[in-house]
Amino acid sequence: MNCVLAEDNILHGTPLLRWVYELAGLFLPCWLSYFIAGFVIMFILVNAVLLGAAVFVWTERRLVGRLQNRVGPNRWGPFGMFQPIADLLKLIVKEDLIPQGADKIAFVAAPIIMVATAILMLAVVPFAKNTALADLNVGVLYVLAVTSLTSVAILMAGWSSNNRYALFGAARGVAVLISYEVPVVLCLLGVVIVAGSMSLADVVTAQAVPFILVQPLAMFVFVAGTSAELNRTPFDVAEAESELIAGYHIEYSGIKFGLIQAAEFGGVVTASAVIATLFLSGWAGPASNYIGWLWLLIKIGVVAFLFIWIRATFPRLRIDQIMAFAWKFLMPLSFINLMAVSLEVYFLRDSSGALTTTDLWIMTVINLVVFAVCIPLFGSLIRDKVRPAQLQPTARATPGATVQQAGGEVT
Amino acid sequence: MLEDYFRQYGLIAIFIAIAVIVPTSMLTISWLASRIGIRPTNPTPVKQETYECGMEAIGGRWGQFNFRYYMYAVLFVVFDVEVIFLYPWAAKFLGLPLFALIEMFVFVGILLVAWAYAWRKGDLEWA
């Protein structure tokens, strides 16, 4: 039996997968060898998330160390490179406690769901020309659907822990997640309009000009929303150490804690992959037919570095500031982006409904102006909310005033 | 072509299974480590106490508190359902006539009014 892939098949782009498919096709039915080739991709993707999480943990700790003017982990291996492995080993052999009165099933299932979500997000990301696990024609919706599963896992973790702080953290986390979901899905509409398709492979090919230039507003909203959904520092009220100890994962220890951390950091890697695909033109670049995956890796690195930089730079916002940021700042921005893009597309497209590269450049200029105008304009709307209140000069306390107020005597 | 379509969803289904199996197997490894004595397992009532501040926690853990985000949840549902209608429109917008553009502006405009009303009523405040 000879199995030959069609030119436009998603497995066709990568020689390794084509080779696996054709070799397996010599002995097995075609559909089975297709799945075997699929398993190769799945193996790559799962390892990409887990290894990516390990690499990201090390990079983040080193970089945040540098940015905070300290050293970071540097003992185990060259430049402390084996630190994640040491952490993993430690977490596996640590005692794994389930608190008294916890809902055991939900307690164990929550970290599993978190890791699964982080892995699943990569399924539709094309990592070279014609190469992805599945090029779904609803790829963007798939990504959004998988992302929003995290809120369920966070609520499960917080609720099942039988701990007040965990419940508080989960409640806040879910509030933040559902609030940022709205601007994120709205801003992706602009991307879908210009690409004319929801498939991520088509989104990449549509980016003759990277969408970070064509739609800077959408990129801004998406990065802000994603870092909120990943519980990263400017928005990490769900696990604010100084307020809620550790938020929803306070009762987790041992390997379950490790899984939650792996999901968080793996989630940053996969979210960077999605951002790189949607806004930085994914695998496209010079010689992308051969080294498309390398371009994607570089772009993932750039976005991940951006996330680390944001984390090291901004302090944590208050929960009401975060909500105001989502509903009063990002919401109007994503609506403006949607309207601007749809109007530009309507006037710029030719009779067959196609956009040329020149059209994209015109859109770039208009949208950059819109970006430069809208951010300060809408920023001024919520400035009172986000900026800390001006400290009122208080009357200088006289010595012993508190004691006198309490009814005591000052001698 | 249709076959390809189902193959892709089949791969996604298998991938979901694998994505669940991988973390589960990590938990299993840790559990096996406890079976062969590498990992300690001796829970005591004190260890199993939930952590609050180091002192013993007082009272039931299921105390009621204000979740505070039901309004956000309602608005979230409104806008998320709206986006479900917007996505097919956006995917095909390159070939759609002026009517589609105007209609969608009306649709979005109604929601914007609702959003402005919610803001005016103070439902967007975290209070």
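Note that residues are indexed from 1 along each chain, following the sequence as it is written. Chain letters start at A and ligand numbers start at 1, both assigned in the order the entries are written. In view of the model being predicted, local features appear only for residues whose pLDDT reaches at least 70, and side-chain atom pairs are presented and counted only at 80 or more, with totals across whole chains, interfaces and linings using the full set of residues. Think of the side-chain values as coming from all heavy atoms in the structure, minus any hydrogens and water.

*Asks:* Is there a simple way to explain the nonpolar core in this structure?
*Replies:* Note that soluble globular proteins tend to have their nonpolar side chains buried in a common cluster. Within the largest apolar cluster, 153 residues are counted, with the highest numbers of intra-cluster contacts made by Leu 278, Phe 279 and Trp 327 of chain A together with Tyr 87 of chain B. Residue contributions to this core peak at 20 residues, all from helix α6 (residues 164-195) of chain A. Domain assignment of the residues forming this core places at least three in each of domain 1 (1-64) and domain 2 (65-127) of chain B. Non-local contacts of Trp 327 of chain A, meaning those with residues more than four positions away in its chain, are made with Ser 179, Val 182 and Pro 332 of chain A together with Tyr 72, Leu 75, Phe 76, Phe 79, Trp 115 and Leu 124 of chain B. We define a nonpolar core as any set of buried Ala, Val, Leu, Ile, Met, Phe, Trp, Tyr and Cys residues linked to one another through side-chain atoms lying within 4.5 Å. Buried means the residue's accessible area, taken with a 1.4 Å probe over protein chains only, is under 20% of the maximum for its type, while exposed means over 50%, and partly exposed covers the values in between. Only DSSP runs of H or I reaching four residues or more are called helices, and only runs of E reaching two or more are called strands; each is numbered from the N terminus. The split of the chain into domains comes from an automatic or database domain assignment. Contact between two residues is taken to exist if any of their heavy atoms lie within 4.5 Å; hydrogens are not considered.

*Asks:* Mind showing me how you'd approach unusual backbone geometry here?
*Replies:* Working note: non-glycine residues mostly have negative phi, and peptide bonds are mostly trans. Residue and element names in this part refer to chain A. Even without being glycine, Asn 69 reaches a positive phi, approximately 65°. Look at Asn 162: it is not a glycine, yet its phi comes out positive at around 60°. Topologically, Asn 162 is positioned in the loop between α5 (139-160) and α6.

*Asks:* How should I be thinking about the packing of aromatic side chains in this particular structure?
*Replies:* We describe a pair of aromatic rings using the distance from one ring centre to the other and the angle between the two ring planes. Residue and element names in this part refer to chain A. Geometry of aromatic contacts follows a simple scheme: Phe, Tyr and Trp rings, the Trp one being its six-membered ring, pair when their centres are within 6.5 Å, and the pair is stacked under 30 degrees between planes, edge-to-face over 60, tilted otherwise. Applying the stated criterion to the full structure yields 17 aromatic pairs over all chains. Between Phe 220 and Phe 329, the aromatic rings sit 6.2 Å apart at their centres with planes inclined by 85°, giving edge-to-face as the arrangement. Here Phe 329 lies in helix α13 (residues 319-348) and Phe 220 lies in helix α9 (residues 216-229), a separation of 109 residues in the sequence. Judged by relative accessible area, which is 5%, Phe 329 ranks as buried.

*Asks:* Teacher, can you tell me more about the environment of Leu 63 of chain A here?
*Replies:* All names here are of chain A. Inspection of the secondary structure assignment puts Leu 63 in helix α2 (residues 30-67). With relative accessibility at 23%, the residue Leu 63 sits in the partly exposed group. Among residues more than four places away in sequence, those in contact with Leu 63 are Phe 305 and Ile 308.

*Asks:* What exactly am I supposed to notice about the pattern of salt bridges here?
*Replies:* Any two side chains of opposite charge can pair, so long as their charged atoms come close to each other. Residue and element names in this part refer to chain A. The term salt bridge refers to a side-chain nitrogen of Lys or Arg lying within 4 Å of a carboxyl oxygen of Asp or Glu. Tallied over the entire structure, the rule returns three salt bridges over all chains. One salt bridge connects Glu 60 with Arg 311, and the closest N-O pair in it is separated by 3.1 Å. One end of the pair, Glu 60, is in helix α2; the other, Arg 311, is in helix α12 (residues 288-313), and 251 residues separate them in sequence. For Arg 311, a relative accessible area of 33% translates into the label partly exposed.

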